[in-house]
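The residues making up each chain are set out below.
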Amino acid sequence: MSIQAIFLGAPGSGKGTQAKNLVMDLNFNHVSTGDLLRAEVEKATDLGKRVSDIMSRGALVSDEIVLELLKNNCDLSNGAYIFDGFPRTIDQAKALDEVVLKDFPSKAIYFDISLDVLKERLVNRRTCGDCGAIYNLVYKSPKTDGKCDLCDGPLVDRKDDTEEAVGNRLNVFKETIDPILEYYEQKQRLIRVDAGLKPAEILEKVKVALE
Ligand SMILES: [Zn+2]
């Protein structure tokens, strides 16, 4: 039976890239709770209508609803899934086990990277305003200052990538991730992958972990 994957990592740790790789290489299904919520609203089911109401009030969708969506949309007996963006709290981790994963084998993959390295990555990130290509002023700078190599579009700095905003985001992340890691470690389901390695090396380690 295939092993289900729970992806854990800070914003900028590269877990999104690896999720795409697993989908392409090993036929994993990528489950983003944001996408599931949007799809449900579009289908206008009873649940979708409730979600739409909650979101239009600017409120957060409860864990119960997210879990119900996951349960309805993931057929674990029939394939391998990557859970991405959920759990974000220890209670969500426990509930995911109880409601969705149950006895299906699963591993939590933590894309481990020092918060200082991440901060540098995020603060120096620039995105092409036209085609969305991503640059980094330190590791992957454009050939011409401020211009996209691919389409000549203007490179922009996301407003939430200022040093202070990034620092706050990472601190919040750190406080919530530690208990989640501990939870999976106790259950002997935690795999730490060095997210500072090259993407191809990271993919290899993730594949081995999920074999
Ligand atoms: Zn571009």
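A. Local environment of the packing of helix α2 (residues 33-43) against helix α4 (residues 63-73). Orientation of α2 relative to α4, taken along the N-to-C sense of each, is 85 degrees, at an axis distance of 10 Å. When the axis of α2 is compared with that of α4, the two are roughly perpendicular. Here T33, L36, L37, E40 and K43 of α2 lie close against α4, whose contacting residues are V66, L69, L70 and N73. Across the contact of α2 with α4, the residue classes break down as five nonpolar, two polar and two charged.

B. Region of the structure containing the coordination of the zinc ion. Bound to the zinc ion on the protein side are C128 (SG), C131 (SG), C148 (SG) and C151 (SG), at distances that span 2.3 Å. Its four donor atoms give the zinc ion angles of 98 to 115 degrees at the centre, a pattern that matches the tetrahedral case. Counting along the primary sequence, the residues that act as donors to the zinc ion give the motif C-x2-C-x16-C-x2-C. Taken together, the residues C128 in strand β5 (residues 125-128) and C151 in the loop between β6 (134-136) and β7 (155-156) connect sequence positions 23 residues apart.

C. Representation of the sheet that holds β6. The strand order across the open sheet built from three strands is β6-β5-β7, with neighbouring strands paired in antiparallel fashion. Because the sheet does not close on itself, it has two edges, and the strands there are β6 and β7. Direction of pairing for β5 relative to β6: antiparallel, over a ladder of three bridges. In the strand pairing of β6, T127 is matched with I134. Contacting β5 and β6, helix α6 (residues 115-123) crosses the sheet at an angle of about 35 degrees to β5.

D. Local environment of the nonpolar core. Core analysis: the largest hydrophobic core is formed by 56 residues, its most contacted members being F7, L8, L70, F83, L96, Y184 and V206. Ranked by residue count, the leading element in this core is helix α7 (residues 163-186), at eight residues.

E. Local environment of the environment of V117. Of note, V117 is situated in helix α6. The sequence separation of V117 and G196 amounts to 79 residues, and the corresponding C-alpha distance is 8.6 Å.

About the thresholds
- Residues numbered from 1 in each chain as written.
- Predicted model: local features only at pLDDT ≥ 70, side-chain atom pairs only at ≥ 80, totals over all residues.
- Heavy atoms only, no water.
- Axes fitted to C-alpha atoms, helices over the stretch in contact; angles between N-to-C directions.
- Helix = DSSP H or I, 4+ residues; strand = E, 2+ residues; numbered from the N terminus.
- Parallel < 35°, antiparallel > 145°, perpendicular 65-115°, else oblique.
- Contact = heavy atoms within 4.5 Å.
- Nonpolar A, V, L, I, M, F, W, Y, C, P; charged D, E, K, R; others polar.
- Donors = N, O, S within 2.8 Å, 3.2 Å for Na, K, Ca; no water.
- Tetrahedral: all angles 85-135°; square planar, octahedral: opposite > 155°, others 65-115°.
- Pairing = 2+ DSSP bridges.
- Core = buried A, V, L, I, M, F, W, Y, C linked by side-chain atoms within 4.5 Å.
- Buried < 20%, exposed > 50% of the residue type's maximum accessible area, 1.4 Å probe, protein only.

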